[in-house]
Amino acid sequence: MNAALLSSKKMNYCTPQGFFDRLNAEFNFALDAAASDKSAKCPKYYTPETDGLKSPWNLAGGGAVFCNPPYGREIGKWVRKAYEEAQGGATVVLLIPARTDTAYFHEYIYGRAEIRFVRGRLHFTDEEGNAYPPAPFPSMVVIYNGKRDEK
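To keep things clear, this report deals only with the structure shown in the data block. Residue indices follow the written sequence of each chain, beginning from 1 at its first position. This being a predicted model, a pLDDT of at least 70 is required before a residue's local features are given, and a value of 80 or more before pairs of side-chain atoms are given or counted; all residues contribute to the totals for chains, interfaces and linings. Remark: hydrogens and water are excluded; side-chain values derive from all non-hydrogen atoms of the structure.

What to know about the pairing of strand S3 (residues 64-67)
Part 1 of the reasoning: Here the term buried applies to any residue with accessible area under 20% of the maximum for its type, exposed to any over 50%, and partly exposed to those in between, with areas from a 1.4 Å probe on protein chains only. Note on conventions: DSSP H or I runs of at least 4 residues are helices, E runs of at least 2 residues are strands, and numbering of each starts at the N terminus. Burial of S3 is two-sided: the residues Ala64 and Phe66 facing one way and the residues Val65 and Cys67 facing the other way are all buried.
Part 2 of the reasoning: Bridge count for strand S1 (residues 29-32) against S3 is three bridges, and the pairing is parallel. Following the sheet pairing, Phe29 is matched in S3 by Ala64.
Part 3 of the reasoning: The rule for pairing is simple: two strands pair if DSSP sees at least two bridges between them. As judged from the three bridges shared by S3 and strand S4 (residues 92-97), these two strands associate in the parallel manner. Residue pairing for S4: Phe66 is matched across the bridge by Val93.
Part 4 of the reasoning: Look down the strands so they point away from you; if going from the first strand over the helix to the second traces a clockwise path, that crossover is right-handed. Note that the unit made of S3, helix H2 (residues 75-87) and S4 has a crossover that is right-handed.

Quick look at the sheet that holds strand S6 (residues 139-144)
Part 1 of the reasoning: In spatial order, the strands read S2-S1-S3-S4-S6-S5; together these six strands make up an open sheet with mixed pairing. At either end of the open sheet lies a strand with only one pairing partner, and these are strand S2 (44-45) and strand S5 (114-117).
Part 2 of the reasoning: Contacts between residues were defined by any pair of non-hydrogen atoms, one from each residue, lying within 4.5 Å. Axis definition: a line fitted to C-alpha atoms, over the contacting stretch in the case of helices. Angles run 0 to 180 degrees between N-to-C directions. Packed onto the sheet, helix H1 (residues 17-27) meets S1, S3, S4, S5 and S6 and runs at close to 130 degrees relative to S1.
Part 3 of the reasoning: On top of the sheet, H2 reaches S3, S4 and S6; it is set at about 160 degrees to S4, its chief contact.

Take a look at the structure:
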């Protein structure tokens, strides 16, 4: 097991390209909300320097938003941001650990978004596309369809 995947020191584990491609075929992403210059999956993207938490995700011309946020202590802020952007009409797709015991799961996901649990464990990659061993946690895809929460 890769111990770095369990730590919060390294946050730039990238979405496997094939996994992203399948989601992109369904959602036609226009923005990668949490990327680096090397890991960006879309022509428009936010980096740590341009800060996707502080920038608008509802872009002119539309298109869905993909977000594989850093999995450290700040992940709840990313989930909240995704939820809030969806309230403004954006379609947002998150790839996050399946942590159903967290406050952010119950406050911003459960009953408010479509949840797709990923079968097996993803092999995240580095910025060059080299695969890591399987993640030590299950993953889920959370989909906010851009409609206001009725709750």
